[in-house]
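# Breakdown of the fold
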Amino acid sequence: MGPERNPKTTRLLGLFWITRNPRLLRAGLGHNYAIQSIEQRGSSQIFNFTVLSSRKQIKGSMPPVAPRSGDAIFANVERVNAELFTLTYGAIVRQLLTDLEEVEEVNKQLDQMGYNIGIRLVDEFLAKSNVSRCVDFKETADVIAKVGFKMFLGVTASVTNWDADGTSCSFVLEDNPLVDFVELPDTCQGLYYCNILSGVIRGALEMVSMKTEVTWVRDMLRGDDAFELQVKLLKQVPEEYPYKDDE
Amino acid sequence: MIGVGKIKQYSNVLDKPLSKGKQEVSLSAFAFLFSELVQYNQTQVDNIAELERRLEDAGYAVGARVLELLCHRDKGNRRETRLLGILSFVHSTVWKVLFGKVADSLEKGTEHEDEYMISEKELLVNRFISIPKDMGTFNCGAFVAGIVRGVLDSAGFPAVVTAHFVPMEGQQRPRTTILIKFAEEVLRREARLG
């Protein structure tokens, strides 16, 4: 079988992404692989790898690593002044408004940017937080609110407004570093200024097999008393081992 | 029960007390955001010069606001009016607030009277960026150059500001030099002031 048609490699590209350490791949499912070599075949790269550890093995043979609290992680990561972050985000939104003109388009683009961030950010989140697999969507939401928001933005969110079947809830943010110094002019009333956040959550959850829909319920820039993001679980994609050995 | 468990609402952003600027976010959060800024702008241009110009524009918007913010908060609504004063304000105060440290060096150009350079061994925005070979001399420091131009211009010191990689002996990565070339009027005014 030619390497191009090798299901291991073709599936690999869809399911894995490369961490900052380019020789180490990590799957959303928690398996670690070391790349032995990379071959260039035409336009595609073929990764040859060995499995270093999978979640199953970790559970069986090693004591689990304790999950870290959001505060502990935030205290240990490198940080930058929030004002640089705030003003840079403001510059992005302003550029988008100038380029795209339509507020709706800006909302879309911000969401897309957030999504791009989310699918990469989840990798760092898993690597630093040591959280084990969440048993249900409730736990997932809790972890995002207490650990996720804290470790990246330095603020915590609270989780409320659960629906009866536990598939939809709200993150409430009272402190939001994106909006310091911001006031929406009359011409931008339809703008979801923080729409990047909804994209981040959607992207990150998609990488751990949860399809979600994220919408703004309350927005302080529109006169509400807090920021409230509603996250609705649409579908949980069942996990499957990346490939079958006999293929 | 007035005000219990409620955050105070401000109808106007100017009524809100100015924060002390001690809040932080993780470096990764900023790096992710910055990377999106660069990637988005890449889709809007067809050459490197244009891309640098757009990043510079984004930085300019930041710089103009940083000047206003710092003058108000740290300097009692006063700003520097002399050339060396404003340069050291950029090199120390602005750098410290934005990047958590004073810039590595501030030098005067040896060939031209109107040129100054601020150099940084590892510019914050370039930390996680490697430039593909086909993008030549492109430097994401253009964003920081824009910030510097924004501060200088808004303070009444119009200048052309550019970012360049400068290879260093024995260092794997080049340092970034922000080159500031002041407008003629600035130097004339400076000369008059003596």
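Residues numbered from 1 in each chain as written. Chains lettered and ligands numbered in written order. Predicted model: local features only at pLDDT ≥ 70, side-chain atom pairs only at ≥ 80, totals over all residues. Heavy atoms only, no water.

Per an unreviewed UniProt entry, the recorded name for chain B is Trafficking protein particle complex subunit, and the organism is Castanea mollissima. Under the UniProt heading Subunit (unreviewed entry), the entry covering chain B gives this text: "Part of the multisubunit TRAPP (transport protein particle) complex." Heading Sequence similarities (unreviewed entry) of the UniProt record for chain B holds this comment: "Belongs to the TRAPP small subunits family. BET3 subfamily." (UniProt positions renumbered as here; feature names shortened; annotations may be inferred.)

Per an unreviewed UniProt entry, chain A goes by Trafficking protein particle complex subunit and derives from Liquidambar formosana. Turning to chain A, the UniProt annotation filed under Sequence similarities (unreviewed entry) states: "Belongs to the TRAPP small subunits family. BET3 subfamily."

### Considering the interface of chain B and chain A
Facing 42 residues of chain B, the contacting portion of chain A comprises 45 residues. Both faces considered, chain B and chain A share a buried interface measuring about 3,900 Å² in area, 60% of it formed by carbon and sulfur atoms. Run the count over chain B and chain A and you get 5 salt bridges. At the boundary of chain B and chain A, one finds 15 residue pairs in polar contact (both at pLDDT 80 or more). For the side of chain B that touches chain A, the element with the highest residue contribution is helix H1 (residues 27-42) of chain B, accounting for 12 residues. Classifying every residue of the side of chain B that touches chain A gives 22 nonpolar, 12 polar and 8 charged. (Contact = heavy atoms within 4.5 Å. Buried area = accessible area lost by both parts, 1.4 Å probe. Salt bridge = Lys/Arg side-chain N within 4 Å of Asp/Glu carboxyl O. Polar contact = N/O pair within 3.5 Å; in protein donor to acceptor, adjacent residues only side chain to side chain. Helix = DSSP H or I, 4+ residues; strand = E, 2+ residues; numbered from the N terminus. Nonpolar A, V, L, I, M, F, W, Y, C, P; charged D, E, K, R; others polar.)

### Some words on the sheet that holds strand E6 (residues 158-160) of chain A
Residues and elements named next belong to chain A. Pairing is antiparallel in the open sheet, where 4 strands are placed in the order E6-E7-E9-E8. In this open sheet, the two edge strands, each paired with only one partner strand, are E6 and strand E8 (210-218). Each adjacent strand pair in this sheet contributes to an overall mean axis angle of 30 degrees, direction not counted. As defined by bridge partners, strand E7 (residues 168-173) adjoins strand E9 (residues 227-236) across 6 bridges and the pair is classed as antiparallel. Its bridge partner being in E9, serine 170 is matched across the sheet by glutamine 230. Helix H6 (residues 137-153) contacts E6, E7, E8 and E9 of the sheet and is inclined by roughly 15 degrees relative to E7. (Pairing = 2+ DSSP bridges. Axes fitted to C-alpha atoms, helices over the stretch in contact; angles between N-to-C directions.)

### Some thoughts on the packing of aromatic side chains
Taken as a whole and judged by the stated rule, the model has 9 aromatic pairs over all chains. Between the aromatic rings of phenylalanine 149 of chain A and phenylalanine 171 of chain A, the centroid separation amounts to 5.8 Å while the plane-to-plane angle is 65 degrees, which identifies the pairing as edge-to-face. One end of the pair, phenylalanine 149 of chain A, is in helix H6; the other, phenylalanine 171 of chain A, is in strand E7, with 22 residues separating them in the sequence. Take phenylalanine 149 of chain A and phenylalanine 171 of chain A: they sit in the same class, and that class is buried. On the numbers, 6.4 Å between centres and 65 degrees between planes, the contact of phenylalanine 157 of chain B with phenylalanine 182 of chain B is edge-to-face. Of this pair, phenylalanine 157 of chain B sits in the loop between helix H4 (142-154) and strand E4 (159-166) while phenylalanine 182 of chain B sits in strand E5 (residues 175-182), placing them 25 residues apart in sequence. With respect to class, phenylalanine 157 of chain B is no different from phenylalanine 182 of chain B; both count as buried. Taken together, the ring pairs in this structure connect Phe30, Phe34 and Phe143 of chain B into an aromatic cluster. The side chain of arginine 189 of chain B reaches across the aromatic face of phenylalanine 157 of chain B, ending 4.8 Å from its centre. (Phe/Tyr/Trp six-rings, centres within 6.5 Å; stacked < 30°, edge-to-face > 60°. Buried < 20%, exposed > 50% of the residue type's maximum accessible area, 1.4 Å probe, protein only. Lys NZ or Arg CZ within 6 Å of the ring centre and 35° of its normal.)

### Some details on the pattern of salt bridges
The final tally for this structure, using the stated rule, is 27 salt bridges over all chains. One salt bridge connects lysine 108 of chain A with glutamate 105 of chain A, and the closest N-O pair in it is separated by 3.4 Å. Remark: glutamate 105 of chain A and lysine 108 of chain A occur in helix H5 (residues 103-129); sequence separation between them is 3 residues, near one turn of the helix. Under the relative-accessibility criterion, glutamate 105 of chain A is labelled partly exposed at 35%. Arginine 218 of chain A is paired through a salt bridge with glutamate 228 of chain A; the nearest N and O atoms lie 2.7 Å apart. Note that arginine 218 of chain A is positioned in strand E8 and glutamate 228 of chain A in strand E9, a separation of 10 residues in sequence. Here arginine 218 of chain A falls in the partly exposed class, since its relative accessible area comes to 24%. The exposure class of glutamate 228 of chain A is buried, given its relative accessible area of 5%. Here the salt bridges do not stand alone but share partners, grouping Glu50, Arg53, Glu56, Asp57 and Arg149 of chain B into one network.

### Section: H5 of chain A
Residues and elements named next belong to chain A. The first and last C-alpha atoms of H5 sit 36 Å apart over 27 residues, in line with the 39 Å expected at 1.5 Å per residue. Remark: the principal bend of H5, roughly 30 degrees, maps to arginine 120. One or two steps after H5, the chain reaches asparagine 130, where phi turns positive at roughly 55 degrees. (Expected span 1.5 Å × (residues − 1). Bend = angle between axes of the 7 residues up to and from the residue.)

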